[in-house]
Amino acid sequence: TRLVPLDKRIDDSYSVTVGGVEIEIKKALKDSDKYLIVNIPSYNVVFIGDMLSHNAIPILDDERSLLSWIDTLKKIEDKSWKRIISAHGIRTKRSALNSTKDYLTTLEKQLTRSIKNRVDKSASIESIKMSKFKEERLYDEWHKKNIAIAYSELKKIVKPTPLPIVVASLPVSNQIKEKKSSKKVIKKKEVKAKKPKIKKSKPKKEKIKITKTERNK
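Analysis parameters
- Residues numbered from 1 in each chain as written.
- Predicted model: local features only at pLDDT ≥ 70, side-chain atom pairs only at ≥ 80, totals over all residues.
- Heavy atoms only, no water.
- Helix = DSSP H or I, 4+ residues; strand = E, 2+ residues; numbered from the N terminus.
- Buried < 20%, exposed > 50% of the residue type's maximum accessible area, 1.4 Å probe, protein only.
- Areas by Shrake-Rupley, 256 points an atom, 1.4 Å probe, with all protein chains shown as cover.
- Expected span 1.5 Å × (residues − 1).
- Contact = heavy atoms within 4.5 Å.
- Polar contact = N/O pair within 3.5 Å; in protein donor to acceptor, adjacent residues only side chain to side chain.

Asks: Even after reading the chapter, I still don't get the overall build of the protein chain, so can you show me in this structure?
Replies: A tally of regular secondary structure across the protein chain gives six helices and five strands. Helices (α) and strands (β) of the protein chain occur, in sequence order from the N terminus, as β-β-β-β-α-β-α-α-α-α-α. Split into buried and exposed, the 217 residues of the protein chain put 28% on the buried side. For the protein chain, the computed accessible surface area is about 17,100 Å², with 55% contributed by carbon and sulfur atoms.

Printed below as a string of structure tokens:
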């Protein structure tokens, strides 16, 4: 056995025919070059490598996006095949996808709810238990790490629910006082608005001076 260096880079997908058998090779995750899916349509077989786990929770890391992984599993599920071969475990039927897909989609839903409710990362790590998977291998070692990695990814795209606008209202007693005071103000204004009384001025009497000569006449 000897190592053979790679001579072909798979940017998206690649097809090759070997001995008359067509083999389709495709990137498993759009954001990573480390994982490939190999499909042999004539044999109805899909090789999925580390993208599928049996009796163990899947492991997220910087190279494996939660959302991309879920998207990949959905696309594989939609294809026509009878057997799936992974790097872990011996299950090969379609039901082999269920456990991995169920864990990842449950994690996404619960983290999305936490972020919308403004729960921070540390609180989410402690509160999201997903007890259904507690008996699976690697749960104790990786579950909390998965939450931390997925939280950082979803935080970039999930928006928290806007906080409600609280309108402060006065107590009933204050409202009654306010109404009474407003009535007083109106009365004062009404008093000020009354027309002032106009005093009638008496005409001034003109004093007539009579001279002595006029009296003698």
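Asks: In this structure, what is going on with helix α2 (residues 96-116)? I would like to understand it.
Replies: Within an α-helix, residues lying three or four positions from one another point in the same direction, as the helix has 3.6 residues per turn. With 21 residues, α2 should reach 30 Å at 1.5 Å per residue; the first-to-last C-alpha distance of 32 Å fits that figure. Of all the residues in α2, the buried ones are Ala96, Leu97, Ser99, Thr100, Tyr103, Leu104, Thr105, Leu107, Leu111, Thr112, Ser114 and Ile115. Packed against the buried residues of α2 are β4 (45-49), α1 (66-78), β5 (83-86), α3 (121-127) and α4 (139-155). Of the residues trailing α2, Arg118 is marked for its positive phi of about 65°.

Asks: Just to check I follow, could you spell out α1 for this structure?
Replies: Relative to the 18 Å expected for 13 residues at 1.5 Å per residue, α1 spans 19 Å between its end C-alpha atoms, a close match to the ideal helical length. Each element contacted by the buried residues of α1 is listed here: β3 (36-40), β4, β5, α2 and α4. Regarding α1, its N-cap is Ser65, as a side-chain oxygen of that residue lies 3.4 Å from the backbone nitrogen of Leu67 further along.

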